[in-house]
Amino acid sequence: MKFTLCSSSSELRCPFVEGLPRCINKNMLAPGLPVKVDNFVKENSQASNHDTRKLVMSSNLMPRRINESRLGKKQLEEPGRKLEYVRTLLIDNYDSYTYNIYQELSVINGLPPVVVRNDELSWKDVCHYLYEENAFDNIVISPGPGSPTCPADIGQKQKQEVQLSRLFCRADNLNFVPKEKHISSMVQVLLDCWNVPILGVCLGHQALGYVHGAKVVHASEPVHGRLSEIQHNGCVLFNDIPSGHNSGFKVVRYHSLVIDAESLPDELIPIAWTSSMNALSFIETKESDVASKSADASFLMKQKNCTYSPSSHSGKVQSERVLMGIMHSSRPHYGVQFHPESVATCHGRQIFKNFRKITEDYWLRSRASFINAQNFPFTARMQMPHVGQLLTDVPKHRQLLNNADGHLYKDADNVICSGMVDMVNLLHPSITVKDLRLTWKKLKHLAGQVGGARNIFCELYGQDKAENTFWLDSSSIEKRRARFSFMGGKGGALWKQVTFKLSDKSDTTLKGRGLLSVQDAQGSIKRSFLEEGFLDFLKKGLLSFCYDEKEYEELPFDFHGGYIGYLGYNLKVECGVDSNRHRSQTPDACFFFADNLVVVDHRNDDVYILSVDEVCRPLTPWLDDTEQKLLNLKASATGEGKKPTLTALRSSSGQGTFLGDKSREAYIEDVDKCLEYIKDGESYELCLTTQMRKTIGDIDSLGLYLHLREKNPAPYAAWLNFSDEDLSICCSSPERFLQLDRNGVLEAKPIKGTVARGATPEEDEQRKLQLQYSEKDQAENLMIVDLLRNDLGRVCEPGSVHVPRLMDVESYATVHTMVSTIRGQKRSDMTAIDCVRAAFPGGSMTGAPKLRSMELLDSIESSSRGIYSGSIGFFSYNQTFDLNIVIRTVVIHKGEASIGAGGAIVALSNPEDEYEEMVLKTRAPAKAVLEFL
C-alpha cells in the first residue's frame, strides 16, 4: 500500500467565503484531531489551529486524473465551471448499510466519499473541513438504529451517558429534548450548514425533520425489508423517476419510526409518500414489473414537459399514507425515509445521480470565489473497521508508509516496498519471513475407485480416535454447490496448532486481547499475550510467507496449505463490538497450520496430495508414502459402497434427550423482547439464538460425524478434532460465510428462511413454494443481503459488488432454505484478514444493523455462543480463504455435546413460530447424536 503525505493545510487556504456564519473562525477550531492510518493513531501535537495538520491518503484509490493533476490558474478563474467530480462527506450512524451508499457514491461522484462515524468529528472539526479547507461539496447522512431524539444514536460522545439517553428515548419519550451539552455535530450540521447540499437517508431523514421541529413517532407498523410504491411531487431529487401506483417506483423500507406529517414546520416540504397503505414483498414487486414498464415511459414523457417549484406545493401528506421524503424550503437539504441504496429499490441510483446534479447546480449558482475554493482535489481511504481520517491530494515527492513505531518517510524515487514480504518487514519488522516451496501430485479418477472421501479419510487419518485431524467436507455436491474436500492431520516440520482465548470478559478495556498457545510438531508449547488480538496475529502470519505462484497455477483449488480451523463468535470484539458479555467455554479460535494435505475433487473424481515446506529444507517422503497408501486402498476396495468399520464407544449416559438453555416460554419471551426493540427502531432484524446440550461422556466422535454427514450431508460440512483441548466439532453447515479466490473475488452466500421438507413429493413442493412466497422470509433475506453488500463494500472496488442470485430456494436432506449470493472484487490494498474483519461475524447470525444488534443480543442471550455462529474454514498461505457459518453443528467438549440454533426475528415474526423454527434447526444434528449413542 502506498501512502502520501500532505503538505500543511496552510498551502490550501481559500479566500473568505461570503455568507460563512460569523461564529466560525480559526480560533474556534479544535486542535489535536487524531489522524488515523490503519489501526495506528498519531495525535496532532500542534496546539494552535488546524494549519499544521497532516492529512493522509491512499493514492491507489484516487482516480488517476485527479491524483496527478493540479488545477491551473485558468481553471480557478472560471466561475461557471461544472464540477468534474463531487466530494462527499458521508456521516455513518453506525449502520450496516452505509457502505452500500459509499459504493453508489463512489461510482456516481467519480471518487469515493470520506466516511466518518457520527461521533468522530466535533462540530469545530466539521466547520474546519467544510469552511476553511473547503474539502467537501455535499454531505450524506446514513441510516442507523434508534431515533434522532436519542443523543447516543446521532453522535453524542459521552459514553457513560449512552444508556441513560437511550432510556429517555424509549417509546414514551420519543421527543425528549436533550440538554445543550448533548447536541451532536450531526445535529449542528443540519441546523447550521445551510449553504451545503445535504441528503439524509432514513435516520438522516428523521434527523432533518426533528432538528427543525417535526415530531418523530412510531409508524402504524414497523416495515423492514419490505417494499412500497412511492408517489412524489416531481421535485428535482426525483427527476426521471416515475411516480405512483404501478409506476415501477418501488423502494425498500427499514424503519419503525416516522416523521409525523402533521407536525412538519413551514420550512419543511413533503415531497414523497407511500402510494398505498400496504407494503409489498419482493416477489410481489417482481411479478408486477412487466406492467410497470409502460407506466415508466408514460411518466417520463409527462415530466419532461413540466417543472416543479417548491413554493407551489401547499398541501400536507394524506394522513393514511406514510411520509417518505422531505425538503427544506430555502436550503439544499433533502431527506428520504426509504433506502435508495438497497439492492431491491428501483431507481435508487438515479436518486443519488439527482443529488449530484443538485450539488453541481447549487455550486454553479454560487459566487465564483466559493466555487473556486471547492476545486481542490480530495479523496478518501476507506478504513477497517471504520474510517476516522480525512484525506487530500499531496505533493508527489513525499510518501508515507505505515510503521508500527510511527510514520516512515522516503523519497518517491527510493524503492522501499516490493511485494508482500517487504510490506510485512516494514509493518512488523520482528516477523520472520518464510520462503515456501509447494510440491504436489495428482491421482486421476482415484476417488471413486477407493470408495470416496469417507474411505480416504478413515484410511489415512481415522486411527487413534483421529486425533489432531481436520476435514473440510463437501458432503453435499448436488447442483455443484461445492467441489473440493480438504483433509489432513499432524504433519511435517511446519505443522503447528494455535489456540487463542480472549481475556476475561470483565476487563472490557482489553477487547480483542488474549492468550495465545502455539504447539509445534515436536510438542513444544509457547504461550504469549496478544495485545492486538488474534486476527492481527493471523494477518502477520499470512503476510510473512514468500512463495512462487507458478507452483500452484495448475491446481484447480485455492487451499495449498496454511491455517485451517475456526473463529469463535466472541471474536466479534476484534471487529467493532465493544465487549463480550459471556465468556466462551471453548477456545475463541483454534487452528492447525497444515503443511501436508489431501484434496478430493468431487467433480472430476481426482485426488491431489500436497506438501509445503521451507525452501531451505530437503524434500520429505510424505508424498510418496501417501500415494502408496492410496494405491493400496484402491487395490483392497470393493467399490463405492465400501465403508471401513469404526467401533463406537457407547456413552454411559446414552439415555435422555437434549435440554435447552432456555425453556419454550423463556425463548418466546426473548422473541417478544426482540420485537420490542424492533418496534422502537433499535434494530431491523435480530438473530436470536440459544443452545441445546446433552452429557454424552466418552464416545467415538469421528463415528458420530460420519453418521451426521450420512444423515444430513452439506456443502460446507467439517470435522475438526483438537485433542489437547478435548474438543471435536461435527459440522453439517449448508452456508458459506465468505470466500476469497486467487482472482481476488469475494463471495458470500447467506441463508435466511428455512422450512422442513415435506413427507410426500406434493407436500414437499408445496412447502418449497410456501418458503419462496413467504413475505417474512423474503424480508429476512433481503435485509441480510443488503448487510453483506455493505460488508463487502468496505473492502471491494467501487461498483464491483453485485448480487448474481437473490432469494433462490435450495433443498437439502431435511430442509428447504432461501439462499442469496453476493460477490465483489477485492481492493488491492486489502488483505485476506481485512476482508474477514469487515464482515465477521456473518450477518445472517447477527441481524442488522450489525453492531447494535449484537449489543442487544448479548443482553438477551444467557450464554456464550462459543464456536456456534462463528466460522470454520481455511486461510491459505497465498492469501485466499473459504469460511462457512457454523450452524447445524454438534460441538463435543469435555464430555458434553452442544447444538446452537436460532432464527431471525423481524417485525413480521410470530413468537411461537420462531420457537418451532429454532427447534427445527436442531433436529437433524440432535437426531444424529441420539441415534449414534
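Residues numbered from 1 in each chain as written. Predicted model: local features only at pLDDT ≥ 70, side-chain atom pairs only at ≥ 80, totals over all residues. Heavy atoms only, no water.

Section: the overall build of the chain
Scanning the chain from N- to C-terminus turns up 22 helices and 40 strands. Of all 933 residues assigned to the chain, the portion counted as buried reaches 63%. Within the chain, contacts between residues separated by at least 24 positions form 78% of all contacts whose residues are at least 6 apart in sequence. As displayed, the chain offers around 35100 Å² of accessible surface, 49% of which is attributable to carbon and sulfur atoms. (Helix = DSSP H or I, 4+ residues; strand = E, 2+ residues; numbered from the N terminus. Buried < 20%, exposed > 50% of the residue type's maximum accessible area, 1.4 Å probe, protein only. Contact = heavy atoms within 4.5 Å. Areas by Shrake-Rupley, 256 points an atom, 1.4 Å probe, with all protein chains shown as cover.)

Quick word on the pattern of salt bridges
Per the counting criterion, the structure on display carries 44 salt bridges. Across the salt bridge formed by Lys501 and Glu725, the nearest N and O atoms sit 4.0 Å from each other. Highlighted residues: Lys501 in strand S19 (residues 496-502) and Glu725 in the loop between strand S29 (716-722) and strand S30 (727-733), separated in sequence by 224 residues. Residue class for Lys501 comes out partly exposed when judged on its relative accessible area of 38%. Residue class for Glu725 comes out buried when judged on its relative accessible area of 18%. Between Lys776 and Glu914 there is a salt bridge, with its nearest N and O atoms 3.1 Å apart. (Salt bridge = Lys/Arg side-chain N within 4 Å of Asp/Glu carboxyl O.)

Looking at the side chain of Gln879
Secondary-structure assignment places Gln879 in the loop between strand S37 (871-876) and strand S38 (881-884). Judged by its relative accessible area of 11%, Gln879 falls in the buried class. A distance of 3.1 Å separates a polar atom in the side chain of Gln879 from the backbone nitrogen of Ala832. (Polar contact = N/O pair within 3.5 Å; in protein donor to acceptor, adjacent residues only side chain to side chain.)

Here's the deal with unusual backbone geometry
Note the cis peptide between Phe840 and Pro841, where omega equals -10 degrees. Along the polypeptide, Pro841 turns up in the loop between helix H20 (832-839) and strand S36 (847-848). Going from Ala848 to Pro849, the amide bond is cis rather than trans, its omega being -10 degrees. Locating Pro849 in the fold gives a position in the loop between S36 and helix H21 (850-860). Phi at Asp726 is positive, roughly 50 degrees, even though this residue is not glycine. The topology assignment puts Asp726 in the loop between S29 and S30. On the basis of relative accessible area, Asp726 is assigned to the partly exposed category, the value being 44%. The backbone of Lys894 shows a phi angle near 50 degrees, a positive value even though the residue is not glycine. Mapped onto the elements of the fold, Lys894 is located in the loop between strand S39 (889-893) and strand S40 (896-905).

Some points on the nonpolar core
Grouped together as the largest cluster of nonpolar side chains are 102 residues, with contacts concentrated most on Phe534, Leu567, Phe875 and Phe881. It is helix H19 (residues 775-793) that contributes the most residues to this core, eight residues altogether. Residues contacting Leu567, with those up to four places away along its chain left out, are Phe534, Leu535, Asp588, Ala589, Phe591, Val836, Phe840, Gly870, Ser871 and Phe875. Residues Trp471, Leu708, Ala714 and Phe932 belong to the second largest nonpolar core, which totals 43 residues. (Core = buried A, V, L, I, M, F, W, Y, C linked by side-chain atoms within 4.5 Å.)

Some points on the sheet that holds strand S7 (residues 138-141)
In a beta sheet, neighbouring strands are held together by backbone hydrogen bonds and run either parallel or antiparallel to one another. Overall, mixed pairing links the nine strands, which are arranged S6-S5-S7-S8-S13-S12-S11-S9-S10 in an open sheet. Lying at the two open borders of the sheet, with one neighbouring strand each, are strand S6 (114-117) and strand S10 (250-259). Ignoring strand direction, the axes of neighbouring strands in this sheet form an average angle of 25 degrees. Note that strand S9 (residues 216-232) and S10 share nine bridges and pair antiparallel. By the bridge assignment, His218 is partnered in S10 with Leu257. Helix-sheet contacts for helix H10 (residues 348-365) involve S7, strand S8 (198-201) and strand S13 (333-336), and the interaxial angle to S7 is about 145 degrees. (Pairing = 2+ DSSP bridges. Axes fitted to C-alpha atoms, helices over the stretch in contact; angles between N-to-C directions.)

So, the packing of helix H13 (residues 453-461) against helix H15 (residues 622-636)
At a closest axis distance of 11 Å, the pairing of H13 and H15 adopts a crossing angle of 125 degrees. By the angle class used here, H13 and H15 are oblique. In this structure, the crossing between H13 and H15 has a hand that is right-handed. Mapping the contact onto sequence places Asn455, Ile456, Glu459, Leu460 and Tyr461 in H13 and Trp622, Thr626, Lys629, Leu630 and Leu633 in H15. (Parallel < 35°, antiparallel > 145°, perpendicular 65-115°, else oblique. Left-handed = near helix turned anticlockwise from the far one by under 90°.)

So, H21
Helical periodicity: at 3.6 residues per turn, an α-helix aligns residues three or four positions apart in one direction. Burial of H21 is extensive: nine of the 11 residues sit out of reach of the surface. For H21, the full list of buried residues reads Lys850, Leu851, Arg852, Ser853, Met854, Leu856, Leu857, Asp858 and Ile860.

So, the state of the cysteines
The tally for this structure, following the rule as stated, stands at zero disulfides. Residue Cys674 stays outside any disulfide, its sulfur separated by 9.3 Å from that of Cys687, the closest cysteine. Cys731 provides the cysteine sulfur closest to Cys730, a residue in no disulfide bond, and the two sulfurs are 9.2 Å apart. Judged by its relative accessible area of 0%, Cys730 falls in the buried class. (Disulfide = S-S within 2.5 Å.)

Overview of the confidence of the model for the chain
Considering every residue of the chain, the mean pLDDT works out to 80; 75% of them sit at 70 or more. The low-confidence segment residues 290-319, where pLDDT is below 50, has 45 contacts with residues more than four positions distant or belonging to other chains. With pLDDT under 50 throughout, residues 368-427 is counted as low confidence; its partners more than four residues away or in other chains account for 202 contacts. (pLDDT = per-residue confidence, 0-100.)

Concerning the side chain of Thr359
Positionally, Thr359 belongs in helix H10. Filtering out sequence-adjacent residues up to four positions away, Thr359 remains in contact with Val86, Asp137, Asn138 and Pro197.

Points about a negative patch on the surface
On the surface, a cluster of negative charge is contributed by Glu669, Asp672, Glu676, Glu912, Asp913 and Glu916. Those elements that place two or more of their residues in the negative patch are helix H16 (664-679) and helix H22 (911-932). For Asp913, the position within the fold is in helix H22. For Asp913, a relative accessible area of 51% gives the class exposed. (Patch = residues over 30% accessible without salt bridge, like charges linked within 9 Å, V, L, I, M, F, W, Y side chains within 5 Å. Lys, Arg positive; Asp, Glu negative; His and termini not counted. Charge placed at Lys NZ, Arg CZ, Asp CG, Glu CD.)

Thoughts on the packing of helix H14 (residues 534-543) against H20
For any two helices packed against each other, one specifies the inter-axial angle together with the distance between the axes. Packing of H14 against H20 brings their axes to within 9 Å, and their N-to-C directions diverge by 155 degrees. Between H14 and H20, the angle falls in the class roughly antiparallel. Both H14 and H20 take part in a crossing whose hand is right-handed. Here Leu535, Asp536, Leu538, Lys539 and Leu542 of H14 come into contact with H20, specifically with Ile833, Asp834 and Arg837. Tallied by class, residues from the contact of H14 with H20 come to four nonpolar, no polar and four charged. (Nonpolar A, V, L, I, M, F, W, Y, C, P; charged D, E, K, R; others polar.)

Focus on the pairing of S37
Most of S37 is tucked away, with six of its six residues classed as buried. Burial of S37 is two-sided: the residues Ser871, Gly873 and Phe875 facing one way and the residues Ile872, Phe874 and Ser876 facing the other way are all buried. As judged from the six bridges shared by strand S23 (residues 562-567) and S37, these two strands associate in the antiparallel manner. Residue pairing in the sheet places Leu567 in a bridge with Ser871 of S37. Between S37 and S38, which pair antiparallel one after the other, the connecting turn spans four residues, and Gln879 there sits at a positive phi close to 75 degrees.

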